[in-house]
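# Architecture and fold: a report
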Amino acid sequence: MANRAEVREFLMSRRAKVTPEAAGLPAGLNRRVAGLRRSEVATLAGVSVEYYARLERGTIAGASAGVLDAIARALQLDETERSHLLDLARAADGIPTSGRPRRRSSKPSPARVGLQWALDSITDAIAFVRNQHQDLLATNELGAAFYSPVIGDGGRVPNLARFQFLDPASRDFYPDWDLFAEMCVSIMRAEAGRDPYDKGLQDLVGELSTRSDVFRTLWGAHNVRTHGSGTKRFNHPIVGEVSLAYEELVITADPGSIMMVYTAEPGSPSAERLRLLGSWAAEHSAAQP
């Protein structure tokens, strides 16, 4: 995940997505690629062909914000892609935006007591904390019951990306498996752009690339995204299918970690199924020695 290679492949993949027609340019004859030529991106961005070619070779350190904005406009990047390009440039300048130490340990840290208390205070929704490596660090009681297929019997820290790509049970748990897979990898790509020196993320990408053809293909697409908010469908082994709204909350005290909260529309079948799952979780917890 060297930064120069990441820059090169990201810019090339975005250039390939923009057709001359979409950029307002004549397609012309004898085009060997569907996307824009380097010379066309340079013209649209108002830079020399030589300078853009240097950027696309990965030499992005020192590029001004104005030039990067012009490149983003020429390549028709959305806001997440533009932020990713800026993150790559900052990392090339030696300033990873994550604020995390370089080459940090890949061992996940346990959740702080106060953070666990905050999770436990959420009783009618699924709440959990994950880090930038997709490790599931802590949950509330309903979250533990909901993510029981991911958590399993304990041992290794549960990881959402490993579950997605290496556990066959994920195909049942995620009815929209292909969408979840693309989202997972795109979020990881954005994290890699923020801090290309994160050893834990490097190790995870290496493991999944070796063991999953789907992951390797999606990683090579260089798509990025933010999570934020939305809705997802799940098929839980105990209560069946639920449709949940999610909100992502940044934990400022723990850079790289976020809290996810899943809720169901009040009065909906999904809300009733979450209530049943909560009752099951309480009974199961009370039965434990």
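Just above sits the structure.
Presented here is a report on the structure given in the accompanying data block. Remember, predicted model here, so these are calculated numbers, not experimental data.

## A short note on the pairing of strand β5 (residues 258–263)
- Across the six residues of β5, five count as buried, placing the element largely inside the fold.
- With five bridges joining them, strand β1 (residues 126–130) and β5 adopt antiparallel strand pairing. Pairing of Ala-127 across the sheet is with Val-261, part of β5.
- Where strand β4 (residues 240–250) and β5 come together, six bridges link them in antiparallel fashion. Each residue of the ladder has a partner; that of Glu-248, found in β5, is Met-260.

## Some details on the environment of Asn-235
- Within the secondary structure layout, Asn-235 lies in strand β3 (residues 229–236).
- On the basis of relative accessibility, which here comes to 33%, the residue Asn-235 falls in the partly exposed class.
- Residues Asn-235 and Asp-135, spaced 100 residues apart in sequence, show a C-alpha to C-alpha distance of 21 Å.
- For Asn-235, the residues in contact, after removing those within four places along its chain, are Asp-172, Phe-173, Pro-175, Gly-240 and Glu-241.

## Brief notes about the environment of Val-129
- Secondary-structure assignment places Val-129 in strand β1.
- Note on Val-129: relative accessible area 1%, which makes it buried.
- For the pair Val-129 and Leu-249, spaced 120 residues apart in the sequence, the C-alpha separation amounts to 9.4 Å.
- Other than its neighbours up to four places away in sequence, Val-129 contacts Leu-115, Leu-119, Asp-135, Leu-136, Leu-137, Ala-138, Ile-251, Ser-257, Ile-258 and Met-259.

## Description of the packing of aromatic side chains
- All chains considered together, the criterion is met by 18 aromatic pairs.
- Residues Phe-165 and Phe-215 carry aromatic rings whose centres are separated by 5.3 Å and whose planes lie at 80° to one another, so their mutual orientation is edge-to-face. Here Phe-215 lies in helix α13 (residues 213–220) and Phe-165 lies in helix α9 (residues 160–166), a separation of 50 residues in the sequence.
- In this structure Phe-165 comes out as buried when scored by relative accessible area, which is 10%.

## Looking at the pattern of salt bridges
- As enumerated under the stated definition, the model contains 19 salt bridges in all.
- For the salt bridge of Glu-248 with Arg-130, the shortest nitrogen-to-oxygen distance reads 3.7 Å. Taken together, the positions of Glu-248 in strand β4 and Arg-130 in strand β1 put the pair 118 residues apart, joining distant regions of the chain.
- Residue class for Arg-130 comes out buried when judged on its relative accessible area of 5%.
- A network of salt bridges, in which partner residues are shared, links Arg-15, Arg-38 and Glu-56.

## Regarding the sheet that holds β3
- An order of β2-β1-β5-β4-β3 is seen for the five strands of this open sheet, with the pairing classed as antiparallel. Each of the sheet's edge strands pairs with one partner strand only, and the pair in question is β2 (136–139) and β3. Taken pair by pair, the neighbouring strands of this sheet meet at an average axis angle of 30°, ignoring direction.
- Docked against the sheet, helix α6 (residues 113–120) engages β1, β2 and β5, running at close to 55° with respect to β2.
- Packed on one face of the sheet, helix α11 (residues 177–194) meets β1, β3 and β4 and runs near 130° to β3.

How each quantity is defined
- Residues numbered from 1 in each chain as written.
- Predicted model: local features only at pLDDT ≥ 70, side-chain atom pairs only at ≥ 80, totals over all residues.
- Heavy atoms only, no water.
- Buried < 20%, exposed > 50% of the residue type's maximum accessible area, 1.4 Å probe, protein only.
- Helix = DSSP H or I, 4+ residues; strand = E, 2+ residues; numbered from the N terminus.
- Pairing = 2+ DSSP bridges.
- Contact = heavy atoms within 4.5 Å.
- Phe/Tyr/Trp six-rings, centres within 6.5 Å; stacked < 30°, edge-to-face > 60°.
- Salt bridge = Lys/Arg side-chain N within 4 Å of Asp/Glu carboxyl O.
- Axes fitted to C-alpha atoms, helices over the stretch in contact; angles between N-to-C directions.

These values are about where atoms sit, not about what they do.
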